[in-house]
Amino acid sequence: HWPHASSAMFSNWGMFYRLDMPPLPPLAPLPPLTPSPPSPPSPPLAPPSPLRSPVPPMLPPSPPSSPLVVPSPSSPAVPPPPSPPTPPSPPMPWPPSLASPPPAAPQRLFRTGSIRSCGETVRGDTTKAARQTGTPAGEHIYAFTVAAAGTIVFDTCGSGLDTVVSVFTSGLAKKVAQGDDSIACGKQAILTASLDAGAYDLVVEGYYKSEGTYTLTVGCSNLYSDGARIGPLSSPAAPPPP
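Residues numbered from 1 in each chain as written. Predicted model: local features only at pLDDT ≥ 70, side-chain atom pairs only at ≥ 80, totals over all residues. Heavy atoms only, no water.

Asker: Teacher, can you tell me more about the packing of aromatic side chains here?
Answerer: Here the distance between the centres and the angle between the planes together describe a pair of aromatic rings. A complete count under the given rule lists 2 aromatic pairs for this structure. Their ring planes at 55° and their centres at 5.7 Å tell us that F144 and F154 sit as a pair that is tilted. One end of the pair, F144, is in strand β5 (residues 139-146); the other, F154, is in strand β6 (residues 150-155), with 10 residues separating them in the sequence. Side by side, F144 and F154 carry an identical accessibility label, which is buried. Judged by centre distance (5.6 Å) and plane angle (20°), the rings of F144 and Y200 are stacked. Here F144 is found in strand β5, whereas its partner Y200 is found in strand β10 (residues 198-206), with 56 residues between them in sequence. (Phe/Tyr/Trp six-rings, centres within 6.5 Å; stacked < 30°, edge-to-face > 60°. Helix = DSSP H or I, 4+ residues; strand = E, 2+ residues; numbered from the N terminus. Buried < 20%, exposed > 50% of the residue type's maximum accessible area, 1.4 Å probe, protein only.)

Structure, rendered in structure tokens:
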């Protein structure tokens, strides 16, 4: 037997055997672990290259060079004839809505009568009379003609309404004189008008919407220092047919 021998038993077909084995030698100690030096840092990664190169900007095409024209020595160069000028277009009204409207047809004037002489007195009633000019009230219109320049007085004292008296050139074209109220008669007008020779229209109406009866007296006086006489009022010429 070996000292400290290991033994083992095994059987073979019912027979047991004992086998003695020598001891194993001791294991040698492992060398101490030395730490490995740190690895150097990795270099930074380069930026990735673009997959496609940028497209260069397109330059505008250069204009084609004009061919050099060499004049023929035999015939001198003749300039082309000038083109005829373009006629100006007619002016257009702008905006169309602001274009001047056509002139209105003259309105027919309805006269009440005429005054034929100085010192004449006429009476009337403007109730529901037509309104053609002046105040909102109805009015009466009298035509008269002045034969020579002078002063004429139109007196409505004693009328039954607050009167307004106006003198226009013929056809109510232009107002030349107007009277409203008076010192002598209060709300009844006395109009003194200096008129040149010509045709006129006299309008008798009420103040604002006043209508009613009136009395009109026409007087002629000579107020000029040169002594010129005031001719009598003559009847106006008949108006032309419409």
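From this point, things continue past the structure.
Asker: Please clarify how the nonpolar core should be interpreted in this entry.
Answerer: Across soluble globular proteins, nonpolar side chains show a tendency to be buried alongside one another. With 21 residues, the main nonpolar core has F144, F154, V167, L195, L202 and L216 as its most contacted residues. Those elements giving two or more residues to this core turn out to be β5, β6, β7 (163-169), β9 (190-195), β10 and β11 (213-221). Other than its neighbours up to four places away in sequence, L195 contacts F144, V146, A149, G150, I152, V167, V176 and Y200. (Core = buried A, V, L, I, M, F, W, Y, C linked by side-chain atoms within 4.5 Å. Contact = heavy atoms within 4.5 Å.)

Asker: Please explain the side chain of T126 as it appears in this structure.
Answerer: Topologically, T126 is positioned in the loop between β4 (121-125) and β5. Beyond its immediate sequence surroundings of up to four residues, T126 is in contact with G138, E139, H140, L161, V204, E211, G212 and Y214.

Asker: Would you explain the side chain of Q132 in this entry?
Answerer: Secondary-structure assignment places Q132 in the loop between β4 and β5. Side-chain polar atoms of Q132 contact the backbone oxygen of F110, separated by 2.9 Å. Non-local contacts of Q132, meaning those with residues more than four positions away in its chain, are made with R108, L109, F110, E139 and I141. (Polar contact = N/O pair within 3.5 Å; in protein donor to acceptor, adjacent residues only side chain to side chain.)

Asker: I tried to follow the sheet that holds β10 on my own but got confused; where do I start?
Answerer: The strands making up a sheet associate through hydrogen bonds between their backbones, and the pairing can be parallel or antiparallel. Spatial ordering of the open sheet is given by β3-β5-β10-β7-β8, a layout of 5 strands whose pairing is mixed. Where the open sheet ends on each side, the last strands, each with one partner, are β3 (113-114) and β8 (175-180). (Pairing = 2+ DSSP bridges.)

Asker: Would you mind showing me how to read the state of the cysteines here?
Answerer: Put plainly, a disulfide is one covalent bond tying together the sulfur atoms of two cysteines. Overall, the coordinates contain 2 disulfides when judged by the stated rule. Each sulfur of the disulfide joining C118 and C220 lies 1.8 Å from the other. Between C118 and C220, the disulfide has an S-S torsion of -80° and is therefore left-handed. Taken together, the positions of C118 in the loop between β3 and β4 and C220 in strand β11 put the pair 102 residues apart, joining distant regions of the chain. In this structure C118 comes out as partly exposed when scored by relative accessible area, which is 31%. According to the relative accessible area criterion, C220 is partly exposed, its value standing at 29%. (Disulfide = S-S within 2.5 Å.)

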